[in-house]
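# Per-entry structural report
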Amino acid sequence: SQQGEEDPQALSIQEGENATMNCSYKTSINNLQWYRQNSGRGLVHLILIRSNEREKHSGRLRVTLDTSKKSSSLLITASRAADTASYFCATDGDKAGTALIFGKGTTLSVSS
Amino acid sequence: KAGVTQTPRYLIKTRGQQVTLSCSPISGHRSVSWYQQTPGQGLQFLFEYFSETQRNKGNFPGRFSGRQFSNSRSEMNVSTLELGDSALYLCASSSAGGNYGYTFGSGTRLTVV
C-alpha cells in the first residue's frame, strides 16, 4: 500500500517559476527521500532528509520535513524545461534498511 | 563508476510463460531491491536482498521470486505470467542500507500479451 500521498497530482508552470510539491506519510520514518522520473525511465535520487532534520538544500532544490505533521515539501526554484518529470517522495519506515514506500507522485510540466 | 544495469530493457511475453530479469548493482553495493511500477498501483516494493539473503518481501504472490549471487548481481523471476504483470520493473542498489539513498536502473519494461 502507498505510504505517502503527493499533492498536487499534476502541476504546470512556466520556465523561471518555482514549483512546490507536497508529500504526506503515515508512519514513523528514518528518512524521507525525493526521486525524479523522466517518462518511462528509472528513478533518479534527488535528496534525502533524515527524521532529525527540518530543511535541506541541494542546488535549486529545497526540502522541508515536518515529522509532527508527517509531511514534506520539495521546492524547485527557477524551473527549467528539463525539470519536466514525475517527482516521488519515498519513506523507509523507522528501521534503517527497510523497503522504500513511494507515493503516487506529482507530474511537473515546465513550458518555455 | 558504472550505474545499475538492468537487462533486458524491453520484453514481450505470452500469458503463462515465465520470465527472468537481471540486475547488476553498482560495484560495492551489497543491497539490491526490486520494485514494480504500474499506472494503477504506482511503485510497489517486491523484495530486497543483502549478501545473498532476502531481507524483506513485499505483498506479491509466490509467482514472484528472486535471488542474489555472491557478486551481488540479482535476478527476479515471474512464473505463470498474467496480463496484470505488465509493468516497468525497477532495480535499485544501495550501500549502508539505503541511508544515503538508492541508485535505480533504467528498468525492464515487461509486456504480457
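Placed above this text is the structure.
Cut-offs and rules
- Residues numbered from 1 in each chain as written.
- Chains lettered and ligands numbered in written order.
- Predicted model: local features only at pLDDT ≥ 70, side-chain atom pairs only at ≥ 80, totals over all residues.
- Heavy atoms only, no water.
- Helix = DSSP H or I, 4+ residues; strand = E, 2+ residues; numbered from the N terminus.
- Polar contact = N/O pair within 3.5 Å; in protein donor to acceptor, adjacent residues only side chain to side chain.
- Contact = heavy atoms within 4.5 Å.
- Core = buried A, V, L, I, M, F, W, Y, C linked by side-chain atoms within 4.5 Å.
- Buried < 20%, exposed > 50% of the residue type's maximum accessible area, 1.4 Å probe, protein only.
- Pairing = 2+ DSSP bridges.
- Axes fitted to C-alpha atoms, helices over the stretch in contact; angles between N-to-C directions.

Moving on to the side chain of Ser74 of chain B. Residue and element names in this part refer to chain B. Mapped onto the fold, Ser74 is located in strand 8 (residues 74-78). For Ser74, the side chain forms a polar contact with the side chain of Trp34, separated by 2.9 Å. When near neighbours in sequence (up to four residues on either side) are disregarded, Ser74 contacts Leu21, Ser22, Cys23, Val32, Trp34, Tyr49, Arg67 and Gln68.

A few words on the nonpolar core. By size, the foremost hydrophobic cluster in this structure holds 22 residues, and its most contacted members are Met21, Leu32, Trp34, Leu74, Ile76, Tyr87 and Leu108 of chain A. Mapped by element, the contributors of at least two residues to this core are strand 2 (10-14), strand 3 (19-24), strand 4 (31-37), strand 5 (43-50), strand 7 (61-66), strand 8 (71-76), strand 9 (85-91) and strand 11 (106-111) of chain A. For Leu108 of chain A, the contacting residues outside a window of four places in its chain are Leu11, Ile13, Ala19, Met21, Ile76, Asp83, Thr84, Ala85 and Tyr87 of chain A. Counting 21 residues, the second largest nonpolar core, distinct from the first, contains Leu11, Leu46, Phe60 and Met76 of chain B.

Moving on, we come to the sheet that holds strand 1 (residues 5-7) of chain A. All names here are of chain A. Strand order in the open sheet formed by 5 strands is 1-3-8-7-6, with antiparallel pairing between adjacent strands. The strands lining the two open edges of the sheet, one partner per strand, are strand 1 and strand 6 (55-58). Going from strand to strand, the sheet's axes swing by 15 degrees on average, the running direction of each strand aside. As paired strands, strand 7 and strand 8 are joined by 6 bridges and run antiparallel to one another. If you follow Val63 over to strand 8, its bridge partner there is Leu74.

Residues and elements named next belong to chain B. Strand order across the open sheet formed by 4 strands is 1-3-8-7, with antiparallel pairing between neighbours. Every interior strand has two partners, whereas the edge strands, strand 1 (5-7) and strand 7 (64-68), have only one. Averaged over all pairs of adjacent strands, the angle between their axes in this sheet comes to 15 degrees, without regard to strand direction. Here 5 bridges tie strand 7 to strand 8, and the two strands are oriented antiparallel to one another. Looking at strand 8, one finds that Phe64 is bridged to Val78.

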